[in-house]
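As a plain string of letters, each chain reads:
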Amino acid sequence: MTAQLIDGKLISGQIKQEAAVEAAEIKAQGVTPCLAVVLVGNDSASQVYVNNKKKACEAVGIRSVSYELAEEATEEELLQLVAKLNADETVNGILVQMPLPKQIDEDKVILAIDAKKDVDCFHPINVGLLHTGGKGFLPCTPAGIIELIKRSGHTIQGQNCVIIGRSNIVGKPVAMLLMKENGTVTICHSKTRNLVEICRGADIIVSATGKVNTVTADMVKAGAVIIDVGMNRNEAGKLCGDVDFENVKDVAGAITPVPGGVGPMTIAMLMKNCLVAAKMQNNLI
Ligand code: GUN
C-alpha cells in the first residue's frame, strides 16, 4: 500500500464534534434543533441508514422525531405527513429516506417538502441555489466528499477532477461543488467513449456508479486522489466500492476505503444541514 488511506470515520467524527459544539451554542440561544426522519416500507438498507441518522442526532445533540409508514402506504398519506411536518415549527429538517415504494412518486414528495426544511438538498429550489452559488444547504454526500479531500490535505484548485456517474444525488451536485473549489471538472457516465484515457488525466477521481471495478489500476495516474462512493457487494457477498481497491491503492496517492470512507461523511454533513436549518428558521444566521 503506497496510498494514503482517507479515513472517513475519523473525519466524520471530527465534523460531528464540531456540530455538537454548534448545537450547544444554538440551544444556549433557546432553540433546540430538530430533525424529522421518515421511513416508508421495509427496505433493510434504508432501515440501517435511518437508524444511523437518528443515532448521529443523539450524539450531536439534535432532537430527532421518527415516523414509519407501511410498505403499502399511499402517496397521499406520505404527502399529508410531509404537510404536517412542514407546518410544525419545532421541526427544522425533514428527511424522507429514499428509495420509496413504487406506488409513491419520489419527485412529488421532494417538491412537497418545504425548501427551508430540505436538509437533503433535493428540492429544485435548493438544487438551483447550489448551481447559482447561493448560500443554503449543501447536498450531504457531495459536501462530505469535498471535506474528505480537503481535510486529508489535498487541494482541489486547478486540479483535473473526473466524476464517473451523473446522478442527482452525487454526480451532478459534486461537479458543482468541485467547480466552486476551482477544480476543472469532467463528468463521465455509462455512454462515455474514452473513460480510461479521461481518468488517466485525472488528479482526482470520484466514482459513483454502483458498479464493482469501475476504476481499475490502469485508469489511475500515479499519485491521484481516489474517492469511492460505491456501496456494492462483490461475488463473494462482501461489501465493496466501485474501485478495485487492492490494485489501485498501489498507484494512487490517496484513496477512500469502503466501508469507512464516504459513507459516514453523508450523515455528518446531514447534521450540519440540520443546524443550518435551525439557525435559518430562527434568524440566527
Ligand atoms: N437514500 C440514499 N441516500 C440518501 C440520502 O442521502 N438521503 C435520503 N433521504 N435518502 C437516501
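Here's a quick rundown of the structure. Keep in mind it's a predicted model, so treat the numbers as computed, not measured.

Topic: the overall build of the chain
- In terms of helices and strands, the chain carries ten helices and eleven strands.
- With the C-alpha coordinates aligned to their principal axes, the bounding extent of the chain is approximately 55 × 40 × 35 Å.
- Considering the chain as a whole, with its 285 residues, one finds that 48% of them fall into the buried category.
- Across the chain, every contact between residues at least 6 apart in sequence was considered, and the portion connecting residues at least 24 apart equals 70%.
- Accessible surface, the chain: about 13,300 Å² in total, of which carbon and sulfur atoms supply 51%.
- If the 28 positive side-chain charges of the chain are averaged to one point and the 31 negative ones to another, these points end up 3 Å apart.

Section: the site of the ligand
- Around the ligand, the surrounding shell consists of Lys-53, Leu-95, Val-96, Gln-97, Met-98, Asp-120 and Phe-122.
- Here the ligand loses 83% of its free accessible area of 280 Å² to cover by the protein chains.
- Here the shell around the ligand is composed, by residue class, of four nonpolar, one polar and two charged.

Notes on the packing of helix H6 (residues 140-151) against helix H10 (residues 262-281)
- Two elements in contact, H6 and H10, have axes whose closest approach is 8 Å; the angle formed by their N-to-C orientations is 110°. It follows that H6 is roughly perpendicular to H10 by the angle criterion. Every residue of H10 that contacts H6 at Cys-140, Thr-141, Ala-143, Gly-144, Ile-145, Glu-147 and Leu-148 is listed here: Val-262, Met-265, Thr-266, Met-269, Leu-270 and Asn-273.

Quick notes on the nonpolar core
- Among the nonpolar cores identified, the biggest contains 52 residues, and Leu-35, Ile-145, Leu-178, Val-206, Ile-227 and Met-271 are the most heavily contacted of them.
- Within the second largest apolar cluster, 21 residues are counted, among which are Val-40, Val-65, Leu-100 and Ile-113.

A few points about the sheet that holds strand E2 (residues 34-40)
- The three strands lie next to each other as E3-E2-E4, forming an open sheet whose pairing is parallel. Both edges of this open sheet fall to strand E3 (63-69) and strand E4 (93-96), since each of them pairs with a single strand only. Each strand axis lies, on average, 15° off the axis of its neighbour in the sheet, ignoring direction.
- Against the sheet, helix H2 (residues 44-60) touches E2, E3 and E4, its axis set at about 170° to E2.

Considering the pattern of salt bridges
- Tallied over the full model, the rule gives nine salt bridges.
- Across the pair Glu-147 and Arg-151 runs a salt bridge, and its minimum N-O distance is 2.7 Å. One end of the pair, Glu-147, and the other, Arg-151, are both in helix H6, four residues apart, so they sit about a helical turn from each other.
- Each of Glu-18, Glu-147 and Arg-151 takes part in salt bridges that share partners, so that together they form one network.

Some thoughts on the sheet that holds strand E6 (residues 184-188)
- The six strands lie next to each other as E1-E11-E8-E7-E5-E6, forming an open sheet whose pairing is parallel. Where the open sheet ends on each side, the last strands, each with one partner, are strand E1 (4-5) and E6.
- When E1 meets strand E11 (residues 254-255), the two strands line up parallel, connected through two bridges. Opposite Gln-4, over in E11, you have Ala-254 as the bridge partner.

Observations regarding the side chain of Glu-75
- With respect to the helices and strands, the residue Glu-75 is situated in helix H3 (residues 75-87).
- With relative accessibility at 17%, the residue Glu-75 sits in the buried group.
- Residues in contact with Glu-75, not counting those within four places in the same chain, are Gln-103, Ile-104, Asp-105 and Lys-108.

Considering the state of the cysteines
- All chains considered together, the criterion is met by zero disulfides.
- The cysteine Cys-121 is free of any disulfide, with Cys-140 supplying the nearest cysteine sulfur at 7.9 Å.
- Residue Cys-121 is classed as buried on the basis of its relative accessible area of 4%.
- Residue classification places Cys-140 among the buried positions, given a relative accessible area of 7%.

What about unusual backbone geometry?
- For the bond running from Met-98 to Pro-99, omega is 0°, close enough to zero to count as cis.
- Looking at the secondary structure, you find Pro-99 in the loop between E4 and helix H4 (106-112).
- Residue Asn-182 is not a glycine yet carries a positive backbone phi of 70°.
- Positionally, Asn-182 belongs in the loop between helix H7 (171-180) and E6.
- Positive phi is not limited to glycine here, since Asn-213 has a value of about 60°.
- By the element assignment, Asn-213 lies in the loop between strand E7 (204-207) and strand E8 (225-228).

What counts as what
- Residues numbered from 1 in each chain as written.
- Predicted model: local features only at pLDDT ≥ 70, side-chain atom pairs only at ≥ 80, totals over all residues.
- Heavy atoms only, no water.
- Helix = DSSP H or I, 4+ residues; strand = E, 2+ residues; numbered from the N terminus.
- Buried < 20%, exposed > 50% of the residue type's maximum accessible area, 1.4 Å probe, protein only.
- Contact = heavy atoms within 4.5 Å.
- Areas by Shrake-Rupley, 256 points an atom, 1.4 Å probe, with all protein chains shown as cover.
- Lys, Arg positive; Asp, Glu negative; His and termini not counted.
- Charge placed at Lys NZ, Arg CZ, Asp CG, Glu CD.
- Near = heavy atom within 4 Å.
- Nonpolar A, V, L, I, M, F, W, Y, C, P; charged D, E, K, R; others polar.
- Axes fitted to C-alpha atoms, helices over the stretch in contact; angles between N-to-C directions.
- Parallel < 35°, antiparallel > 145°, perpendicular 65-115°, else oblique.
- Core = buried A, V, L, I, M, F, W, Y, C linked by side-chain atoms within 4.5 Å.
- Pairing = 2+ DSSP bridges.
- Salt bridge = Lys/Arg side-chain N within 4 Å of Asp/Glu carboxyl O.
- Disulfide = S-S within 2.5 Å.

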